[in-house]
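As a plain string of letters, each chain reads:
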Amino acid sequence: MTVDDALALILRKAVPLDEIENLDLPRALGRVLAQPQISTLNVPPADNSAMDGDALASGNIATDGETRLRVSRRIAAGQTSQPLIPGTAARIFTGAPIPLGADCVVMQEHCRVEDDTVIISPPLHAGQNIRARGEDVKSGVTIIDAGIKLRPQDLGLAASIGLARLPVYRPLRVAIFCTGDELTAPGTDLMPGKIYNANRYTLTGLLQALHCEVIDFGIVPDNLAATRTVLAAAAQQSDLIITSGGVSVGDEDHVKAAVATLGQIDMWRIAMKPGKPLAFGSVGTTPFFGLPGNPVSVFATFCLFARPFILRRQGMVQTLPQSVLVHADFDWLQSGNRREYLRARLHTGADGVTRAVIYPNQSSAALTSVSWAHGLICIAEGTTVQRGQMVSFIPFNELLA
Ligand code: AMP
Ligand code: MG
(Lines give C-alpha, C1' and ligand atoms only; values in the text may rest on other atoms or scores of the structure.)
(Ligands and ions follow the chains in the order given, each with its own letter.)
Protein backbone atom coordinates (compact mmCIF):
# COMPACT_ATOMS: atom_id res chain seq x y z
CA MET A 1 0.00 0.00 0.00
CA THR A 2 1.26 3.50 -0.81
CA VAL A 3 1.66 6.18 1.85
CA ASP A 4 -1.07 8.25 0.20
CA ASP A 5 -3.60 5.40 0.08
CA ALA A 6 -2.97 4.50 3.72
CA LEU A 7 -3.34 8.12 4.77
CA ALA A 8 -6.61 8.51 2.87
CA LEU A 9 -8.05 5.41 4.60
CA ILE A 10 -6.90 6.65 8.00
CA LEU A 11 -8.28 10.16 7.60
CA ARG A 12 -11.64 8.76 6.54
CA LYS A 13 -11.94 7.28 10.05
CA ALA A 14 -10.88 10.47 11.87
CA VAL A 15 -14.00 12.01 13.41
CA PRO A 16 -13.54 15.30 15.33
CA LEU A 17 -14.44 15.17 19.02
CA ASP A 18 -17.71 16.90 19.78
CA GLU A 19 -16.83 18.11 23.27
CA ILE A 20 -16.03 21.78 23.50
CA GLU A 21 -14.75 23.83 26.42
CA ASN A 22 -14.64 27.59 26.88
CA LEU A 23 -11.20 28.64 28.04
CA ASP A 24 -9.67 31.91 29.19
CA LEU A 25 -7.43 33.27 26.44
CA PRO A 26 -4.08 32.28 28.02
CA ARG A 27 -5.22 28.69 28.51
CA ALA A 28 -6.48 28.46 24.92
CA LEU A 29 -2.96 28.72 23.48
CA GLY A 30 -2.18 25.74 21.24
CA ARG A 31 -5.76 24.44 21.37
CA VAL A 32 -8.02 24.10 18.34
CA LEU A 33 -10.79 26.68 17.89
CA ALA A 34 -14.18 24.98 17.71
CA GLN A 35 -16.34 27.81 16.36
CA PRO A 36 -15.53 30.73 14.05
CA GLN A 37 -15.18 34.05 15.86
CA ILE A 38 -17.15 36.94 14.40
CA SER A 39 -16.46 40.51 15.45
CA THR A 40 -19.32 42.64 16.80
CA LEU A 41 -17.22 45.78 16.70
CA ASN A 42 -14.82 47.80 14.60
CA VAL A 43 -11.08 47.87 15.33
CA PRO A 44 -10.08 50.60 15.77
CA PRO A 45 -13.47 51.74 17.08
CA ALA A 46 -12.87 55.31 15.82
CA ASP A 47 -10.50 57.14 13.46
CA ASN A 48 -7.28 57.77 15.36
CA SER A 49 -3.83 59.18 14.87
CA ALA A 50 -1.00 56.95 13.63
CA MET A 51 1.62 59.52 14.73
CA ASP A 52 2.50 62.17 17.27
CA GLY A 53 1.87 65.51 15.52
CA ASP A 54 -0.93 67.91 14.68
CA ALA A 55 -4.45 67.14 13.47
CA LEU A 56 -5.94 69.66 11.05
CA ALA A 57 -8.15 70.11 7.99
CA SER A 58 -6.07 69.58 4.83
CA GLY A 59 -8.18 72.24 3.06
CA ASN A 60 -6.64 74.89 5.33
CA ILE A 61 -3.11 74.29 4.05
CA ALA A 62 -1.69 76.31 1.17
CA THR A 63 -0.39 74.20 -1.73
CA ASP A 64 2.77 76.29 -1.94
CA GLY A 65 4.61 77.96 0.94
CA GLU A 66 4.06 77.67 4.66
CA THR A 67 0.78 77.81 6.57
CA ARG A 68 0.60 78.97 10.21
CA LEU A 69 -2.21 77.55 12.39
CA ARG A 70 -2.96 78.23 16.03
CA VAL A 71 -2.86 75.07 18.20
CA SER A 72 -6.20 75.22 19.96
CA ARG A 73 -6.21 71.92 21.86
CA ARG A 74 -4.23 68.88 23.00
CA ILE A 75 -5.61 65.33 22.55
CA ALA A 76 -3.84 62.31 24.07
CA ALA A 77 -4.59 58.58 23.65
CA GLY A 78 -7.47 57.54 25.89
CA GLN A 79 -9.21 60.94 25.77
CA THR A 80 -12.35 61.81 23.89
CA SER A 81 -12.26 64.81 21.60
CA GLN A 82 -14.40 67.88 20.93
CA PRO A 83 -14.75 69.10 17.32
CA LEU A 84 -11.78 71.09 16.04
CA ILE A 85 -12.16 74.88 16.14
CA PRO A 86 -12.20 75.82 12.42
CA GLY A 87 -8.92 77.27 11.15
CA THR A 88 -6.86 75.78 14.00
CA ALA A 89 -4.82 72.62 14.63
CA ALA A 90 -4.92 70.18 17.56
CA ARG A 91 -1.76 68.77 19.11
CA ILE A 92 -2.38 64.98 18.90
CA PHE A 93 -0.62 61.80 20.04
CA THR A 94 -0.49 58.27 18.60
CA GLY A 95 -3.75 56.42 19.24
CA ALA A 96 -5.74 59.57 20.14
CA PRO A 97 -9.12 60.08 18.42
CA ILE A 98 -9.22 62.43 15.44
CA PRO A 99 -11.46 65.42 16.27
CA LEU A 100 -14.42 66.15 14.02
CA GLY A 101 -13.33 68.69 11.39
CA ALA A 102 -9.78 67.36 11.05
CA ASP A 103 -8.92 65.00 8.16
CA CYS A 104 -5.16 64.53 8.46
CA VAL A 105 -2.26 64.45 10.89
CA VAL A 106 1.10 66.10 10.22
CA MET A 107 3.98 64.29 11.92
CA GLN A 108 5.73 66.40 14.54
CA GLU A 109 9.02 65.79 12.71
CA HIS A 110 7.50 67.48 9.62
CA CYS A 111 6.37 70.75 11.22
CA ARG A 112 7.75 73.59 13.34
CA VAL A 113 6.23 74.96 16.49
CA GLU A 114 6.50 78.58 17.63
CA ASP A 115 4.70 79.27 20.94
CA ASP A 116 1.08 78.24 20.29
CA THR A 117 1.46 78.15 16.50
CA VAL A 118 2.35 75.27 14.24
CA ILE A 119 3.99 75.96 10.85
CA ILE A 120 3.24 73.46 8.11
CA SER A 121 4.56 72.97 4.58
CA PRO A 122 2.92 70.98 1.75
CA PRO A 123 2.49 68.36 0.38
CA LEU A 124 -0.35 67.07 2.48
CA HIS A 125 -3.37 64.94 1.71
CA ALA A 126 -6.63 64.00 3.37
CA GLY A 127 -6.39 60.79 5.42
CA GLN A 128 -2.65 61.19 5.97
CA ASN A 129 -1.47 59.43 9.17
CA ILE A 130 -5.01 58.49 10.16
CA ARG A 131 -5.93 54.92 11.04
CA ALA A 132 -9.52 54.63 9.90
CA ARG A 133 -12.32 53.15 11.99
CA GLY A 134 -12.61 49.41 11.20
CA GLU A 135 -9.38 49.44 9.19
CA ASP A 136 -8.09 46.32 10.99
CA VAL A 137 -11.38 44.54 11.77
CA LYS A 138 -14.84 45.45 10.48
CA SER A 139 -17.89 44.62 12.53
CA GLY A 140 -19.50 41.40 11.21
CA VAL A 141 -16.39 39.77 9.74
CA THR A 142 -14.89 36.44 10.83
CA ILE A 143 -11.55 37.11 12.49
CA ILE A 144 -10.53 33.49 13.19
CA ASP A 145 -11.87 30.40 11.42
CA ALA A 146 -12.78 27.24 13.28
CA GLY A 147 -10.30 24.38 13.02
CA ILE A 148 -7.08 26.32 13.48
CA LYS A 149 -4.60 25.82 16.30
CA LEU A 150 -4.54 29.03 18.34
CA ARG A 151 -1.25 30.91 18.27
CA PRO A 152 -0.24 33.91 20.40
CA GLN A 153 -1.24 36.38 17.69
CA ASP A 154 -4.70 34.78 17.40
CA LEU A 155 -5.25 35.29 21.13
CA GLY A 156 -4.19 38.92 20.74
CA LEU A 157 -6.63 39.36 17.85
CA ALA A 158 -9.47 37.78 19.88
CA ALA A 159 -8.69 40.14 22.75
CA SER A 160 -8.72 43.11 20.35
CA ILE A 161 -12.42 42.48 19.70
CA GLY A 162 -13.10 42.13 23.42
CA LEU A 163 -13.24 38.33 23.78
CA ALA A 164 -12.00 36.96 27.11
CA ARG A 165 -12.67 33.26 26.38
CA LEU A 166 -12.66 31.02 23.34
CA PRO A 167 -14.45 27.72 22.55
CA VAL A 168 -11.88 24.98 21.93
CA TYR A 169 -12.00 21.21 21.51
CA ARG A 170 -11.06 19.26 24.59
CA PRO A 171 -7.65 17.55 24.42
CA LEU A 172 -7.53 14.08 22.92
CA ARG A 173 -6.78 11.34 25.48
CA VAL A 174 -4.23 8.98 23.98
CA ALA A 175 -3.23 5.70 25.62
CA ILE A 176 0.21 4.36 24.76
CA PHE A 177 2.22 1.25 25.54
CA CYS A 178 5.42 -0.34 24.28
CA THR A 179 5.60 -4.07 23.65
CA GLY A 180 8.78 -6.11 24.03
CA ASP A 181 10.30 -8.54 26.53
CA GLU A 182 13.65 -6.86 25.85
CA LEU A 183 12.55 -3.43 27.10
CA THR A 184 13.95 -1.86 30.25
CA ALA A 185 13.07 1.51 31.76
CA PRO A 186 15.93 4.02 31.76
CA GLY A 187 17.22 4.65 35.26
CA THR A 188 17.46 0.92 36.04
CA ASP A 189 20.35 -1.47 35.30
CA LEU A 190 20.50 -3.04 31.85
CA MET A 191 20.60 -6.84 32.02
CA PRO A 192 22.07 -9.00 29.21
CA GLY A 193 19.79 -9.24 26.19
CA LYS A 194 17.83 -6.13 27.14
CA ILE A 195 17.63 -2.61 25.67
CA TYR A 196 16.26 0.61 27.04
CA ASN A 197 12.77 1.73 26.10
CA ALA A 198 13.29 4.69 23.77
CA ASN A 199 9.89 4.71 22.08
CA ARG A 200 7.99 5.59 25.23
CA TYR A 201 9.71 8.96 25.36
CA THR A 202 9.53 9.69 21.66
CA LEU A 203 5.81 8.93 21.62
CA THR A 204 5.01 10.82 24.80
CA GLY A 205 6.89 13.88 23.55
CA LEU A 206 5.21 13.77 20.14
CA LEU A 207 1.80 13.56 21.79
CA GLN A 208 2.53 16.36 24.24
CA ALA A 209 3.67 18.55 21.36
CA LEU A 210 0.19 18.00 19.87
CA HIS A 211 -1.46 18.96 23.18
CA CYS A 212 -2.77 15.44 23.82
CA GLU A 213 -3.32 13.99 27.27
CA VAL A 214 -1.10 10.90 27.52
CA ILE A 215 -2.16 7.81 29.47
CA ASP A 216 0.92 5.63 29.70
CA PHE A 217 0.43 1.87 30.17
CA GLY A 218 4.19 1.26 30.25
CA ILE A 219 5.96 -1.82 28.94
CA VAL A 220 3.84 -4.82 27.98
CA PRO A 221 5.48 -8.26 27.62
CA ASP A 222 5.31 -10.26 24.42
CA ASN A 223 2.31 -12.44 25.17
CA LEU A 224 -1.25 -12.46 24.00
CA ALA A 225 -2.99 -12.41 27.38
CA ALA A 226 -1.04 -9.43 28.74
CA THR A 227 -1.50 -7.51 25.51
CA ARG A 228 -5.27 -8.14 25.55
CA THR A 229 -5.63 -7.06 29.16
CA VAL A 230 -3.83 -3.77 28.63
CA LEU A 231 -5.64 -3.07 25.35
CA ALA A 232 -9.03 -3.53 27.00
CA ALA A 233 -8.13 -1.15 29.83
CA ALA A 234 -6.65 1.38 27.42
CA ALA A 235 -9.79 1.38 25.26
CA GLN A 236 -11.93 2.21 28.32
CA GLN A 237 -9.90 5.29 29.20
CA SER A 238 -8.88 6.85 25.91
CA ASP A 239 -9.93 8.31 22.57
CA LEU A 240 -7.06 6.59 20.77
CA ILE A 241 -4.54 3.82 21.47
CA ILE A 242 -1.01 3.88 20.06
CA THR A 243 1.46 1.05 20.60
CA SER A 244 5.00 0.34 19.48
CA GLY A 245 6.43 -3.00 18.39
CA GLY A 246 4.90 -6.42 18.02
CA VAL A 247 3.20 -5.79 14.69
CA SER A 248 5.56 -7.76 12.45
CA VAL A 249 4.85 -11.35 11.50
CA GLY A 250 7.18 -13.05 14.01
CA ASP A 251 6.08 -15.55 16.68
CA GLU A 252 6.66 -12.88 19.32
CA ASP A 253 4.35 -10.35 17.70
CA HIS A 254 1.01 -10.53 19.49
CA VAL A 255 -0.53 -7.11 18.94
CA LYS A 256 -2.46 -8.02 15.80
CA ALA A 257 -4.04 -11.13 17.34
CA ALA A 258 -4.88 -9.30 20.55
CA VAL A 259 -6.61 -6.42 18.76
CA ALA A 260 -8.46 -8.86 16.48
CA THR A 261 -10.12 -10.52 19.49
CA LEU A 262 -11.29 -7.16 20.92
CA GLY A 263 -12.22 -5.25 17.80
CA GLN A 264 -10.92 -5.25 14.27
CA ILE A 265 -7.55 -4.65 12.67
CA ASP A 266 -5.96 -4.09 9.29
CA MET A 267 -2.27 -4.82 8.80
CA TRP A 268 -0.60 -2.86 6.06
CA ARG A 269 2.80 -3.18 4.54
CA ILE A 270 3.36 0.43 3.57
CA ALA A 271 5.69 1.25 0.72
CA MET A 272 7.84 3.53 2.83
CA LYS A 273 11.26 3.51 4.47
CA PRO A 274 11.61 3.68 7.40
CA GLY A 275 8.26 2.24 8.47
CA LYS A 276 6.66 -0.59 6.54
CA PRO A 277 4.45 -2.54 8.97
CA LEU A 278 1.57 -0.50 10.31
CA ALA A 279 -1.56 -1.74 12.03
CA PHE A 280 -4.72 0.32 12.08
CA GLY A 281 -8.05 -0.66 13.56
CA SER A 282 -10.10 -0.35 16.70
CA VAL A 283 -10.40 -1.88 20.15
CA GLY A 284 -14.11 -1.79 20.83
CA THR A 285 -14.90 1.63 19.41
CA THR A 286 -11.53 3.19 20.27
CA PRO A 287 -9.28 3.71 17.24
CA PHE A 288 -5.96 1.90 17.34
CA PHE A 289 -2.54 2.47 15.74
CA GLY A 290 0.08 -0.29 16.01
CA LEU A 291 3.37 1.35 15.08
CA PRO A 292 6.51 -0.66 14.31
CA GLY A 293 9.13 -1.17 17.02
CA ASN A 294 12.19 0.33 15.38
CA PRO A 295 12.70 3.75 16.94
CA VAL A 296 13.03 5.66 13.66
CA SER A 297 10.03 3.85 12.19
CA VAL A 298 7.99 4.85 15.25
CA PHE A 299 8.88 8.48 14.67
CA ALA A 300 8.20 8.38 10.93
CA THR A 301 4.92 6.45 11.06
CA PHE A 302 3.67 8.63 13.91
CA CYS A 303 4.41 11.80 11.96
CA LEU A 304 2.96 10.55 8.68
CA PHE A 305 -0.15 8.69 9.91
CA ALA A 306 -0.94 9.15 13.59
CA ARG A 307 -0.32 12.90 13.57
CA PRO A 308 -2.83 13.79 10.81
CA PHE A 309 -5.37 11.44 12.40
CA ILE A 310 -4.92 13.13 15.79
CA LEU A 311 -5.11 16.63 14.32
CA ARG A 312 -8.32 15.80 12.49
CA ARG A 313 -9.85 14.28 15.65
CA GLN A 314 -8.84 17.45 17.48
CA GLY A 315 -10.89 19.38 14.94
CA MET A 316 -8.08 20.79 12.81
CA VAL A 317 -8.71 21.49 9.16
CA GLN A 318 -5.08 21.52 7.99
CA THR A 319 -3.58 18.16 8.95
CA LEU A 320 -0.69 17.68 6.54
CA PRO A 321 2.72 19.26 7.09
CA GLN A 322 3.90 21.96 4.71
CA SER A 323 7.02 20.89 2.82
CA VAL A 324 9.52 23.16 1.09
CA LEU A 325 11.83 22.61 -1.87
CA VAL A 326 15.57 22.76 -1.15
CA HIS A 327 18.71 21.86 -3.09
CA ALA A 328 20.11 18.38 -2.44
CA ASP A 329 23.70 18.47 -1.22
CA PHE A 330 23.93 14.69 -1.62
CA ASP A 331 23.43 11.96 -4.19
CA TRP A 332 20.77 9.28 -3.74
CA LEU A 333 21.44 6.87 -6.53
CA GLN A 334 19.61 3.68 -5.63
CA SER A 335 15.92 4.06 -6.49
CA GLY A 336 13.55 1.72 -4.68
CA ASN A 337 9.88 0.81 -4.77
CA ARG A 338 9.33 2.41 -1.35
CA ARG A 339 9.08 6.13 -0.55
CA GLU A 340 12.14 7.18 1.43
CA TYR A 341 12.13 9.63 4.32
CA LEU A 342 15.76 10.63 4.81
CA ARG A 343 16.87 12.39 7.99
CA ALA A 344 18.39 15.64 6.82
CA ARG A 345 19.79 18.96 7.96
CA LEU A 346 19.63 22.30 6.17
CA HIS A 347 22.49 24.71 5.82
CA THR A 348 22.55 28.02 4.00
CA GLY A 349 25.74 28.75 2.07
CA ALA A 350 27.55 32.06 1.52
CA ASP A 351 25.64 32.19 -1.82
CA GLY A 352 22.36 32.39 0.18
CA VAL A 353 21.17 29.01 -1.14
CA THR A 354 19.71 26.52 1.34
CA ARG A 355 20.93 22.96 0.82
CA ALA A 356 20.10 19.68 2.54
CA VAL A 357 22.64 17.14 3.76
CA ILE A 358 21.64 13.70 4.99
CA TYR A 359 22.79 11.70 7.99
CA PRO A 360 25.28 8.99 6.97
CA ASN A 361 23.42 6.19 8.79
CA GLN A 362 19.84 6.02 7.50
CA SER A 363 19.00 2.75 9.29
CA SER A 364 15.55 2.60 10.86
CA ALA A 365 17.22 1.55 14.11
CA ALA A 366 19.51 4.62 14.29
CA LEU A 367 17.64 7.17 16.38
CA THR A 368 20.73 9.39 16.29
CA SER A 369 19.70 10.25 12.72
CA VAL A 370 16.40 11.77 13.89
CA SER A 371 17.96 13.59 16.81
CA TRP A 372 20.64 15.06 14.50
CA ALA A 373 18.21 16.09 11.76
CA HIS A 374 16.18 19.25 11.15
CA GLY A 375 13.58 17.42 9.10
CA LEU A 376 12.80 14.71 6.57
CA ILE A 377 13.62 14.66 2.87
CA CYS A 378 10.93 12.80 0.96
CA ILE A 379 12.10 10.86 -2.08
CA ALA A 380 9.29 9.42 -4.19
CA GLU A 381 9.14 5.76 -5.15
CA GLY A 382 11.35 4.89 -8.13
CA THR A 383 13.35 8.14 -8.12
CA THR A 384 17.01 8.98 -7.70
CA VAL A 385 18.52 12.30 -6.70
CA GLN A 386 21.68 13.98 -7.87
CA ARG A 387 23.48 16.74 -6.04
CA GLY A 388 21.98 20.14 -6.95
CA GLN A 389 18.51 18.80 -7.74
CA MET A 390 15.52 20.17 -5.84
CA VAL A 391 14.06 17.86 -3.18
CA SER A 392 11.07 18.11 -0.87
CA PHE A 393 11.89 18.78 2.79
CA ILE A 394 9.46 18.53 5.73
CA PRO A 395 10.84 20.63 8.61
CA PHE A 396 10.47 19.08 12.06
CA ASN A 397 8.99 22.32 13.37
CA GLU A 398 6.08 21.66 10.98
CA LEU A 399 5.64 18.22 12.54
CA LEU A 400 6.34 18.99 16.17
CA ALA A 401 4.94 22.46 16.74
P1 AMP B 1 9.39 -5.35 16.86
O2 AMP B 1 8.56 -4.58 15.89
O3 AMP B 1 8.71 -5.57 18.16
O4 AMP B 1 9.89 -6.60 16.23
O5 AMP B 1 10.66 -4.45 17.15
C6 AMP B 1 11.55 -4.08 16.14
C7 AMP B 1 12.86 -3.60 16.72
O8 AMP B 1 12.64 -2.41 17.48
C9 AMP B 1 13.51 -4.58 17.67
O10 AMP B 1 14.90 -4.53 17.47
C11 AMP B 1 13.14 -4.07 19.03
O12 AMP B 1 14.07 -4.43 20.02
C13 AMP B 1 13.14 -2.57 18.80
N14 AMP B 1 12.23 -1.92 19.73
C15 AMP B 1 10.96 -2.28 19.95
N16 AMP B 1 10.37 -1.50 20.88
C17 AMP B 1 11.32 -0.63 21.26
C18 AMP B 1 11.33 0.45 22.21
N19 AMP B 1 10.23 0.74 22.93
N20 AMP B 1 12.46 1.17 22.35
C21 AMP B 1 13.56 0.87 21.62
N22 AMP B 1 13.60 -0.13 20.71
C23 AMP B 1 12.50 -0.87 20.53
MG1 MG C 1 8.98 -6.84 19.68
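Below, the structure is looked at part by part. Since the model is a prediction, treat every value here as computed from it, not as a measurement.

1. A closer look at the pattern of salt bridges
Working step 1: Inspection of every chain in the model, using the stated rule, returns 13 salt bridges.
Working step 2: Its salt-bridge partner being R170, residue D239 comes within 2.9 Å of it at the nearest N-O pair. Of the two residues, D239 sits in the loop between α4 (224-237) and β17 (240-244) while R170 sits in the loop between β12 (165-169) and β13 (173-179), which places them 69 residues apart along the sequence. Residues D239 and R170 agree in their burial class; the two are buried.
Working step 3: Here the salt bridges share partners, and the residues they tie into one network are E66, R68, R112 and E114.

2. Re the layout of surface pockets
Working step 1: The computed volume of the largest pocket comes to approximately 570 Å³.
Working step 2: Along its surface, the largest pocket is lined by 38 residues, and P292, G293, N294, S297 and S364 are the ones closest to its centre.
Working step 3: Elements represented by at least two residues in the lining of the largest pocket include exactly β15 (195-196), α6 (295-313) and β23 (339-348).
Working step 4: At four residues, the largest contribution of residues to the lining of the largest pocket is made by β23.
Working step 5: Here the residues of the lining of the largest pocket sort into 12 nonpolar, 17 polar and nine charged.

3. Comments concerning the sheet that holds strand β4 (residues 53-56)
Working step 1: In spatial order, the strands read β7-β4-β6-β5-β9-β8; together these six strands make up an open sheet with mixed pairing. In this open sheet, the two strands that pair with only one neighbour each are β7 (104-107) and β8 (111-114). In this sheet, neighbouring strand axes are inclined to one another by 40 degrees on average, regardless of whether the strands run parallel or antiparallel.

4. Quick notes on the environment of Q35
Working step 1: When you line up the elements, Q35 lands in the loop between β1 (20-24) and β2 (37-38).
Working step 2: Along the sequence, Q35 and Q314 sit 279 residues apart, while their C-alpha atoms lie 13 Å from each other.
Working step 3: Every residue in contact with Q35, bar those within four places of it in the chain, is listed here: I20, A146 and P167.

5. Observations concerning the nonpolar core
Working step 1: Grouped together as the largest cluster of nonpolar side chains are 47 residues, with contacts concentrated most on I242, F289, F302, F305 and I310.
Working step 2: For this core, the elements supplying multiple residues, two or more each, are α1 (3-12), β13, α3 (199-209), β17, β20 (277-283), β21 (286-291), α6 and α8 (396-400).
Working step 3: It is α6 that contributes the most residues to this core, 12 residues altogether.
Working step 4: Not counting residues up to four positions away in its chain, the partners in contact with F302 are L203, L206, L207, L210, I242, L291, S297, R307, P308 and I310.

6. Quick look at the sheet that holds strand β18 (residues 263-269)
Working step 1: A sheet is described by the order of its strands in space; here six strands give the open sequence β16-β13-β17-β21-β20-β18, paired in mixed fashion. Of all the strands in the sheet, the pair left with one neighbour each is β16 (213-220) and β18. The sheet shows a mean angle of 15 degrees between the axes of neighbouring strands, direction not considered.
Working step 2: As paired strands, β17 and β21 are joined by four bridges and run parallel to one another. Paired with I242 across the two strands is F289, which belongs to β21.

7. A word on empty space enclosed by the protein
Working step 1: Inspection of every chain in the model, using the stated rule, returns two cavities of 30 Å³ or more.
Working step 2: Taken together, G30, R31, V32, K149, Y169, R170, P171, H211 and Q314 make up the full set of residues lining the largest cavity.
Working step 3: Considering only residue class, the lining of the largest cavity consists of three nonpolar, three polar and three charged.
Working step 4: Here the second largest cavity defines a volume of roughly 30 Å³.
Working step 5: If you trace the second largest cavity, you find it lined by W332, Q334, S335, G336, R338, E340, I379, A380, G382 and T383.
Working step 6: In terms of residue class, the lining of the second largest cavity is made up of three nonpolar, five polar and two charged.

Basis of the calculations
Residues numbered from 1 in each chain as written. Chains lettered and ligands numbered in written order. Predicted model: local features only at pLDDT ≥ 70, side-chain atom pairs only at ≥ 80, totals over all residues. Heavy atoms only, no water. Salt bridge = Lys/Arg side-chain N within 4 Å of Asp/Glu carboxyl O. Helix = DSSP H or I, 4+ residues; strand = E, 2+ residues; numbered from the N terminus. Buried < 20%, exposed > 50% of the residue type's maximum accessible area, 1.4 Å probe, protein only. 1 Å grid on protein atoms, 1.4 Å probe; cavity = no way out; pocket = protein on both sides within 12 Å on 5 of 7 lines; lining within 4 Å. Points joined across faces, edges and corners; volume = space filled by probe spheres on them. Nonpolar A, V, L, I, M, F, W, Y, C, P; charged D, E, K, R; others polar. Pairing = 2+ DSSP bridges. Axes fitted to C-alpha atoms, helices over the stretch in contact; angles between N-to-C directions. Contact = heavy atoms within 4.5 Å. Core = buried A, V, L, I, M, F, W, Y, C linked by side-chain atoms within 4.5 Å.

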